[in-house]
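# Geometric and topological summary
So you can see what is in the structure, the chains are spelled out below.
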Amino acid sequence: SQQGEEDPQALSIQEGENATMNCSYKTSINNLQWYRQNSGRGLVHLILIRSNEREKHSGRLRVTLDTSKKSSSLLITASRAADTASYFCAIFLSSGGGADGLTFGKGTHLIIQP
Amino acid sequence: DGGITQSPKYLFRKEGQNVTLSCEQNLNHDAMYWYRQDPGQGLRLIYYSQIVNDFQKGDIAEGYSVSREKKESFPLTVTSAQKNPTAFYLCASSIMGQPQHFGDGTRLSIL
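Before going into details, it helps to say that this report is about the structure given with it.

Here is what the cut-offs are and how they apply
Residues numbered from 1 in each chain as written. Chains lettered and ligands numbered in written order. Predicted model: local features only at pLDDT ≥ 70, side-chain atom pairs only at ≥ 80, totals over all residues. Heavy atoms only, no water. Core = buried A, V, L, I, M, F, W, Y, C linked by side-chain atoms within 4.5 Å. Buried < 20%, exposed > 50% of the residue type's maximum accessible area, 1.4 Å probe, protein only. Helix = DSSP H or I, 4+ residues; strand = E, 2+ residues; numbered from the N terminus. Contact = heavy atoms within 4.5 Å. Phe/Tyr/Trp six-rings, centres within 6.5 Å; stacked < 30°, edge-to-face > 60°.

The next thing to look at is the nonpolar core. In this structure, Met21(A), Leu32(A), Trp34(A), Leu74(A), Ile76(A), Tyr87(A) and Leu110(A) are the most contacted members of the largest nonpolar core, which totals 24 residues. Elements supplying a minimum of two residues to this core: strand S2 (10-14), strand S3 (19-24), strand S4 (29-37), strand S5 (43-50), strand S7 (61-66), strand S8 (71-76), strand S9 (85-93) and strand S11 (108-113) of chain A. Ranked by residues supplied to this core, first place goes to S9(A) with 5 residues. Leaving out residues up to four positions away in the same chain, Met21(A) has contacts with Asp7(A), Pro8(A), Trp34(A), Ser72(A), Ser73(A), Leu74(A), Ile76(A), Tyr87(A), Thr108(A) and Leu110(A). If you look at the next biggest cluster of nonpolar residues, it comprises 20 residues, including Val19(B), Tyr47(B), Tyr64(B) and Leu76(B).

Shown next, in the form of C-alpha cells:
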C-alpha cells in the first residue's frame, strides 16, 4: 500500500502534556499533509510539508519530515481538551499520473484528559 | 463565506434504491473528490474530477456513479449495486497539489 500509516492508533494524555504521532509511508512523495477530524465532522487541513523541507511550525504544531526514513511526525505542544480528535497524515505522490488526490492513513485518535 | 456544502447530513436508503448525495463548493476549485470513511478507518477515494465534464474512478468506484456538469457541483449516486453502502461520505475540493477542503459529510444508513 502507498498510504501513510499513523502510529499510535490511539493516544490518551493529560491536558498540558505534549502529544506526538508518527506517519510512515512507502514511496517517494511530493508533499505530506496532516489533517484533523473532530467526531462526525469533515477533515480540516493543519500543515503541508514539501519533500524538500525538514520541519514546519504552525502555532502549537510542529511537523518534521525525514524522507530518508520515509516518515513524518506531528507534535502538539501544551495540549488542550479541544485538541481531542483524530489526526490523519496524507501523502501526495510525486509521479504516476498523480491526479488522484491524497492517500490517507487510518489516523491516530487523540484523547486529551482534563 | 467560501466553503464546501454537503447535503443531507443524514440519509437512509431502502433495499434496491439509488440515492444521491449532494456536494457544492464556491471556492472556485477545479478538482473535487468523494471519499468513503468506515468506522475507525481512514478515507478511501471513490471518484475524483479535475475539470468539468471529466471524472476518474478511485480505489472503490464499484457501485457508485458521479457527474460533473458544473464546476461547483459534484453529486455522488450510491446505486443498488453497492451492497454495503452504510458509511460516512466526505466530499472535498482543491487546487491540485494543494490542501483539500472538506465538507461536513453525509452519513448513509440502510433501512
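Picking up after the structure, the text goes on.
Attention now goes to the packing of aromatic side chains. The description of an aromatic ring pair rests on the distance of the ring centres and on the angle between the ring planes. Residues and elements named next belong to chain B. Scanning the model with the defined rule gives 8 aromatic pairs over all chains in all. With a centroid separation of 6.3 Å and 25° between ring planes, the pair formed by Tyr33 and Tyr35 is classed as stacked. The pair formed by Tyr33 and Tyr35 is uniform in burial state, with each residue classed as buried. Consider the rings of Tyr35 and Phe102, whose centres lie 5.8 Å apart with planes at 35°: the pair is tilted. Note that Tyr35 is positioned in strand S4 (residues 31-37) and Phe102 in strand S10 (residues 101-102), a separation of 67 residues in sequence. The two residues Tyr35 and Phe102 agree in class, both being buried.

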